[in-house]
Amino acid sequence: MIRALLLFLLFLSSTLKAQLLQDPTAKAQITAGLTNLYQYDFKESTIIFNNLKAKYPRHPAPYLLLAMQWEQQYFPLKDHPAQGKNYLAHLEKAFELGKEMADRDENDLEASFFCTASLGFLAAYEADQHNFMRVVSYAKQAYSFLKIGLKNTDKQPEFLYSTGMYNYYSVAYPELHPVLKPFMFLFQEGNKRLGLTQLEAGTRKTTFVKNECLFYMGYVQNKYEGNPLRALAYNQILSDNFPNNHWYLLQRAELLTLTGKFEEAEPFIEKMEALKTPYYTGAAYTLRGMREEVERKDLNKAESWYLKSIAFPFEERLTKDIRGLAYLGLTRIAYREKKPHLFKKYLRISEDFIEYKNSLIEHKRLSHGK
């Protein structure tokens, strides 16, 4: 997300006042670093970002870029405490330096971006930890900077991404996490339909945030709208262009499975297993279980895959909902095999993991014994 927005700022650099993004050498370095990061070549991107930090110690860009580096390289950060501390420290430093820029000129677009980006990453980190009061605090700080984009989509289509995300998630996220609803009066009211329209327009009208619009249109269509088939069309473009991107790979395998395209999903599941990362392995085993249950009708093999999958850890943002799919599968199998104790057990546990619209519908159906 932020990689694309940084490229967008390079595009707008002729209108920016801060020095780094007007430096052709720095712009070329950032572009090269982001390309390497996007391709998971962390060695090269780290060298580039550290060189930028040495040359521009009072600019937020190198600190934000290094934080982004660690989020990808040490996924998930909760398993790497030292890197996690560095990640947070660099985000806080990026905000501090961005705020200094904004204090000098409140209309500085570059400053607004770096403040919004660093606070957004901090809020996402706290959301993963379920520290919702901190999420609200960071969101409140970021809002004043975000409003610049909300007002400028007509003048600059690239803002369709951040504005669409805000309009959609400011409604959808509190719906899933009601603890946040009392605090939403602090922010401009969102609009899910408008947000979707803006993100969709972003997939066609933007240049630098096109990939992010594509990814989140797929994500939103699957998770919140319950339409994995429509989501698949957006992911197709991304997986074709970036076959080595782990997040796109995971999304591809899941969406193909959810739409019943089990044979097409197989090579992507194999790639997930080849990563030898427990989070991806656990997700891959869930998808294998779904194929056995739905396509092959082999409940014993399906149950075996599901049980193997839940022995692996899950990650809050990327694989928690897939863990929920495993528990729902075990719930269905227990129901069909008339094992009421296991049925109640798995139904209860699944509730802790599911947020997908279709999973919530399935849970309700199973709760009524259907």
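Residues numbered from 1 in each chain as written. Predicted model: local features only at pLDDT ≥ 70, side-chain atom pairs only at ≥ 80, totals over all residues. Heavy atoms only, no water.

**Here we look at the layout of surface pockets**
Point 1. The space that makes up the largest pocket amounts to roughly 290 Å³.
Point 2. Around the largest pocket, the lining is made up of 14 residues, and of these Leu258, Met290, Leu325, Asn358 and Ser359 lie nearest the centre.
Point 3. Of the residues that constitute the lining of the largest pocket, the class distribution is 8 nonpolar, 4 polar and 2 charged. (1 Å grid on protein atoms, 1.4 Å probe; cavity = no way out; pocket = protein on both sides within 12 Å on 5 of 7 lines; lining within 4 Å. Points joined across faces, edges and corners; volume = space filled by probe spheres on them. Nonpolar A, V, L, I, M, F, W, Y, C, P; charged D, E, K, R; others polar.)

**Overview of the packing of aromatic side chains**
Point 1. Under the counting rule described, the total for this entry stands at 22 aromatic pairs.
Point 2. Plain terms: the ring middles of Tyr87 and Phe121 are 6.4 Å apart, the flat faces sit at 85° to each other, and that makes the pair edge-to-face. With a gap of 34 residues between them, Tyr87 in helix H5 (residues 81–104) and Phe121 in helix H6 (residues 109–128) connect regions that are remote in the sequence.
Point 3. Note on Tyr161 and Tyr216: the rings are 6.4 Å apart at their centroids and 50° apart in plane angle, and the pair reads as tilted. (Phe/Tyr/Trp six-rings, centres within 6.5 Å; stacked < 30°, edge-to-face > 60°. Helix = DSSP H or I, 4+ residues; strand = E, 2+ residues; numbered from the N terminus.)

**A closer look at empty space enclosed by the protein**
The gaps left among the atoms become clear once a water-sized probe is rolled over them.
Point 1. Going through the model one piece at a time under the given rule, you end up with 3 cavities of 30 Å³ or more.
Point 2. Lining the second largest cavity are Phe215, Tyr219, Asn222, Trp247, Leu250, Gln251, Glu254, Leu255, Arg317, Leu318, Asp321 and Tyr356.
Point 3. Those elements giving two or more residues to the lining of the second largest cavity turn out to be helix H10 (210–223) and helix H12 (246–258).
Point 4. It is H12 that contributes the most residues to the lining of the second largest cavity, 5 residues altogether.
Point 5. Residue composition of the lining of the second largest cavity, by class: 7 nonpolar, 2 polar and 3 charged.

**A word on the confidence of the model for the protein**
Point 1. Per-residue pLDDT for the protein has a mean of 88; in total, 91% of the residues score no lower than 70.
Point 2. Predicted confidence for residues 14–18 stays below pLDDT 50, and this span has 11 contacts to residues more than four positions away or in other chains. (pLDDT = per-residue confidence, 0-100. Contact = heavy atoms within 4.5 Å.)

**Here's the deal with the side chain of Glu71**
Point 1. Along the polypeptide, Glu71 turns up in helix H4 (residues 60–73).
Point 2. Within polar-contact distance, the side chain of Glu71 engages the side chain of Arg317 at 2.9 Å. (Polar contact = N/O pair within 3.5 Å; in protein donor to acceptor, adjacent residues only side chain to side chain.)

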